[in-house]
Amino acid sequence: MTTPPTPKAAPESTPDAAPNTDGSAPAVPPLHGLRVLDLATLFAGPLAAMMLGDFGADVVKVEHPRKPDPSRGHGPAKDGIGLWWKVLGRNKRTITLDLSTPGGRDTLLALAADADVIVENFRPGTLERWGLGWEELSAANPRLVLARVTGFGQFGPYSHRPGFGTLAEAMSGFAAITGEPDGPPTLPPFGLADSIAALATAYAVMTALTARTTTGRGQVVDMAIIEPMLSVIGPHPLWYDQLGYVQPRTGNRSRNNAPRNTYRTADGSWVAVSTSAQSIAERVLNLVGRPELIAEPWFADGAGRAAHADVLDEAVGSWIARHTRDEAMAAFEKAEAAIAPVYDVRDVLDDPQYQALGTVTEVADPELGPIRMQNVLFRLSETPGAIRWAGRPHGADTAAVLSELGLSPAEIGALREQGAV
């Protein structure tokens, strides 16, 4: 039987959990008692730490005293307050430390002695140069898990290079297969590789923590952003290894089934149709009034249908073009065929399914008032996660966190004078 981490005192500077609406005590979050130091920036590492905080971990965000996390200024802002940070910094206490100074180094080692996890994304060798490498950190706390998130990993010929998600999207093969057949490789307009790496990092951290219950020791997580992205694109390496096959760009179409595309409706909206199952493909063709195509020999499997995508797209597309989005959605639903509207964020916020799931939730924020953001990533029936607060101001909890270490106001003041905090 595994033993959970020893509970630590909940932070006093911020709320831990609100009472349930029926007045009963809230369930203890599953990661309550877990302490995480988030040293990372832009974006995979901080997002992984956010996911741990969403389920109750006490996450302490460590930023440079004079160089705040760049995500605070990334993208649109309101009243000078970066909005992306409000999501990325949620459920985190914020402190400042200059890790390159002796005072900052010693303070981090003191924090590490009582932490379970550190998440960092400095270039390999940076922590070691500051005297904060694995040797020093594990000496301070043999049970510590150190998650190191970099573009290319801790070793190898590219490990010294600066790495961002865009490079992973290019090098993984994702961009090469994304876009129209006669167009250029296409990159996503958001941090796809970083987000996938964040999910993988959170999974890796929980795996290492589970191993710790058996070994009694922490370990290093070496997360290269180029690797999770490669994992999610499917069996492409195996296809090439066994068949010499390199998937080309196919736009919205699939080489495995058809019809599969986006189609414009009579009222100028767009819908997406998928027919991964043979039964669904037959329902769609019956619905659009082209049952004779089902009798074609090539219609019997996905590859055969994909080879005749032009015919199937014309059949489905012309029918959808004569109907409004609501009419098409209703007809497909009645036929038990797979269709979805192509949404922008306005549609997402208005959609009744997302509303029923609570996918977007409102958070009270002292700086901006009520704000809406994506909810926690999944629902647990007994120990759910929660957004306890949105991203806090730079260094808002420095004094409180350092006081928990036993530092006096005079000692904290001395660190400030040194520029260490």
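Whatever comes next refers back to the structure up there.
A short tour of the structure in this document, coming up. From a predicted model like this one, the values you see are computed outputs, not experimental measurements. (Residues numbered from 1 in each chain as written. Predicted model: local features only at pLDDT ≥ 70, side-chain atom pairs only at ≥ 80, totals over all residues. Heavy atoms only, no water.)

Here we look at the packing of aromatic side chains
Evaluation of the coordinates by the stated rule reveals seven aromatic pairs. Relative to F299, the ring of W298 has its centre 6.0 Å away and its plane inclined at 55°; by these criteria the two rings are tilted. For W298, a relative accessible area of 17% corresponds to the buried category. The cationic tip of R161 hangs over the ring face of Y158; the distance from NZ or CZ to the ring centre is 3.8 Å. Seen from the ring of F299, R305 lies directly overhead, with NZ or CZ sitting 5.6 Å from the centre. (Phe/Tyr/Trp six-rings, centres within 6.5 Å; stacked < 30°, edge-to-face > 60°. Buried < 20%, exposed > 50% of the residue type's maximum accessible area, 1.4 Å probe, protein only. Lys NZ or Arg CZ within 6 Å of the ring centre and 35° of its normal.)

A short note on the nonpolar core
By size, the foremost hydrophobic cluster in this structure holds 38 residues, and its most contacted members are V36, A57, V117, V119 and I225. Elements with a minimum of two residues in this core: α1 (44-54), β6 (117-120), β7 (145-150), α8 (192-215), β8 (220-224) and β13 (369-374). Ranked by the residues each element gives to this core, the list is headed by α8, at eight residues. Those residues in contact with V117 that sit more than four places away from it in its chain are R35, V36, L37, L144, V145, V205 and L209. Grouped together as the second largest cluster of nonpolar side chains are 24 residues, L137, L144, V401 and L402 included. (Core = buried A, V, L, I, M, F, W, Y, C linked by side-chain atoms within 4.5 Å. Helix = DSSP H or I, 4+ residues; strand = E, 2+ residues; numbered from the N terminus. Contact = heavy atoms within 4.5 Å.)

Re the sheet that holds strand β2 (residues 58-63)
Within the open sheet, the six strands sit side by side as β5-β2-β1-β6-β7-β8. Their pairing is parallel. Since the sheet does not close on itself, it has two edges, and those belong to β5 (92-96) and β8, each with one partner. On average, adjacent strands in this sheet sit at an angle of 20° to one another, irrespective of strand direction. One ladder, built from four bridges, connects strand β1 (residues 35-38) with β2; its direction is parallel. Considered in β2, the bridge of L37 is made with V60. (Pairing = 2+ DSSP bridges. Axes fitted to C-alpha atoms, helices over the stretch in contact; angles between N-to-C directions.)

Some points on the environment of P185
Within the secondary structure, P185 is located in the loop between α7 (174-177) and α8. A relative accessible area of 49% places P185 in the partly exposed class. Once the C-alpha coordinates of P185 and G173 are considered, the two residues, 12 residues apart in sequence, prove to be 9.6 Å apart. Setting aside chain neighbours within four positions, we find P185 in contact with A175, A176, T178 and R249.

Describing the packing of α1 against α8
Two numbers describe how α1 lies on α8: the axes approach to 8 Å, and their chain directions differ by 50°. As the angle between them shows, α1 and α8 are arranged oblique. Both α1 and α8 take part in a crossing whose hand is right-handed. Residue-level inspection shows A44, L47, A48, M51 and L52 of α1 in contact with α8, the latter providing D194, S195, A197, A198, L199, T201, A202, V205 and M206. Each residue belonging to the contact of α1 with α8 can be placed in one class, and the counts come to 11 nonpolar, two polar and one charged. (Parallel < 35°, antiparallel > 145°, perpendicular 65-115°, else oblique. Left-handed = near helix turned anticlockwise from the far one by under 90°. Nonpolar A, V, L, I, M, F, W, Y, C, P; charged D, E, K, R; others polar.)

Quick word on a nonpolar patch on the surface
A cluster of nonpolar side chains, namely Y158, F164, L167 and M171, defines an oily patch on the protein surface of about 380 Å² accessible area. In this structure, F164 sits in the loop between β7 and α6 (165-171). (Patch = residues over 30% accessible without salt bridge, like charges linked within 9 Å, V, L, I, M, F, W, Y side chains within 5 Å. Areas by Shrake-Rupley, 256 points an atom, 1.4 Å probe, with all protein chains shown as cover. Salt bridge = Lys/Arg side-chain N within 4 Å of Asp/Glu carboxyl O.)

Focus on the sheet that holds strand β10 (residues 270-273)
In spatial order, the strands read β9-β10-β11; together these three strands make up an open sheet with antiparallel pairing. With partners counted over all chains shown, the strands left at the sheet margins are β9 (261-264) and β11 (339-341), one partner each. The average undirected angle you get between the axes of adjacent strands in this sheet is 30°. Each of β9 and β10 is contacted by helix α13 (residues 309-321), which is oriented at about 35° to β9, the strand it contacts most. Across the sheet, helix α14 (residues 325-334) touches β10 and β11, and the angle it forms with β11 is around 155°.

Here we look at unusual backbone geometry
With an omega dihedral of -15°, the bond running from L42 to F43 counts as a cis peptide bond. Within the secondary structure layout, F43 lies in the loop between β1 and α1. Cis rather than trans, the peptide bond between A258 and P259 has omega equal to 0°. With respect to the helices and strands, P259 occurs in the loop between α10 (236-243) and β9. Unlike most non-glycine residues, L42 shows phi in positive territory, near 25°. In this fold, L42 is placed in the loop between β1 and α1. The partly exposed category is assigned to L42, whose relative accessible area is 23%.

Considerations on the pairing of β5
A large share of β5 lies buried, amounting to five of its five residues. Side chains K92, T94 and T96 project from β5 onto one buried face, and the interleaved R93 and I95 project onto a second face that is buried too. The pairing of β2 with β5 spans five bridges and is classified as parallel. Bridge pairing in β5 links V59 to K92.

Some details on the pattern of salt bridges
Tallied over the full model, the rule gives 23 salt bridges. The shortest N-O distance in the salt bridge between D38 and K92 comes to 2.8 Å. Of this pair, D38 sits in strand β1 while K92 sits in strand β5, placing them 54 residues apart in sequence. On the basis of relative accessible area, D38 is assigned to the buried category, the value being 0%. A salt bridge links D69 to K61; its shortest N-O distance comes to 2.7 Å. In terms of burial, D69 and K61 fall into one category: buried. One connected set of salt bridges, linked through shared partners, spans R35, D58, R93, D114 and E404.

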